[in-house]
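Working through the structure, step by step
Residues per chain are reported as follows:
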Amino acid sequence: MPHLGLVTLVVRDYDEAIAFYVNAVGFDLREDTCLEDGKRWVVVAPPGARETAVLLARAATPSQEVHVGQQTGGRVGWFLNTEEFDRDYERMCSAGVVFEEPPRHESYGKVAVFQDLYGNRWDLLELRPDRAPGQAGGPA
């Protein structure tokens, strides 16, 4: 069955992005392959993720650079699901991740918005057991 394999996140620098997503957010570095012209194929993903991962792509042109940190126009663009919100929230806070708000309880579960190192907005989200990811009425 088709599924999303990778989503691209445009970054300023490969190494600083790897450090943030691996050390602060807790993702695994799945691949870091050198390509021609100084490009790299860098893939990170939450531990145990089987389908979707994040391709960290360094901005290569001025028009790409202006979108670093604003890839979704200021909206939350990524939803990091967890089964242990409090554990992950505390670990990420200790690692320097900037949360815009304290955790809150919504009809769909527990959530807090955080920013990556460039200002892109993410939800850290623990869904209620009776909610499926992407179900109507969830975070947006």
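The present account deals with the structure reproduced in this document. (Residues numbered from 1 in each chain as written. Predicted model: local features only at pLDDT ≥ 70, side-chain atom pairs only at ≥ 80, totals over all residues. Heavy atoms only, no water.)

To continue, consider the sheet that holds strand 1 (residues 6-11). The four strands lie next to each other as 1-4-3-2, forming an open sheet whose pairing is mixed. Of all strands in the sheet, those bounded by a partner on one side alone are strand 1 and strand 2 (28-34). For this sheet the average axis-to-axis angle between neighbouring strands, irrespective of direction, equals 25°. Both strand 2 and strand 3 (residues 40-45) contribute to a ladder of six bridges, which runs antiparallel. (Pairing = 2+ DSSP bridges. Helix = DSSP H or I, 4+ residues; strand = E, 2+ residues; numbered from the N terminus. Axes fitted to C-alpha atoms, helices over the stretch in contact; angles between N-to-C directions.)

Let's shift gears to the nonpolar core. Counting 29 residues, the largest nonpolar core has Y21, L56 and F114 as the members making the most contacts within it. Elements with a contribution of two residues or more to this core: strand 1, helix 1 (14-24), strand 3, strand 4 (53-58), strand 5 (76-81), helix 3 (85-94), strand 8 (109-115) and strand 9 (121-127). Of all the elements, helix 1 adds the most residues to this core, at six residues. Not counting chain neighbours up to four residues away, the residues in contact with L56 comprise L9, V11, Y14, A17, I18, Y21, V42 and V44. (Core = buried A, V, L, I, M, F, W, Y, C linked by side-chain atoms within 4.5 Å. Buried < 20%, exposed > 50% of the residue type's maximum accessible area, 1.4 Å probe, protein only. Contact = heavy atoms within 4.5 Å.)

Taken together, the side chains of L6, L35 and W41 define a hydrophobic patch exposed on the protein surface, amounting to about 250 Å² of accessible area. Position of L35 relative to the elements: it lies in the loop between strand 2 and strand 3. (Patch = residues over 30% accessible without salt bridge, like charges linked within 9 Å, V, L, I, M, F, W, Y side chains within 5 Å. Areas by Shrake-Rupley, 256 points an atom, 1.4 Å probe, with all protein chains shown as cover. Salt bridge = Lys/Arg side-chain N within 4 Å of Asp/Glu carboxyl O.)

Below, the discussion takes up the pattern of salt bridges. Evaluated as defined, the whole model comprises nine salt bridges. The shortest N-O distance in the salt bridge between D32 and R40 comes to 2.7 Å. Of the residues examined, D32 reaches a relative accessible area of 34% and is grouped as partly exposed.

Along strand 9, five of the seven residues are buried, which leaves the element largely enclosed by surrounding structure. Where strand 5 lies against strand 9, five bridges are found, and the strand directions are parallel. Following the sheet pairing, L80 is matched in strand 9 by L124. Bridge count for strand 8 against strand 9 is seven bridges, and the pairing is antiparallel. The partner of G109 across the bridge, within strand 9, is L127. The turn linking strand 8 back onto strand 9 is made up of five residues, and G119 within it adopts a positive phi angle of 105°.

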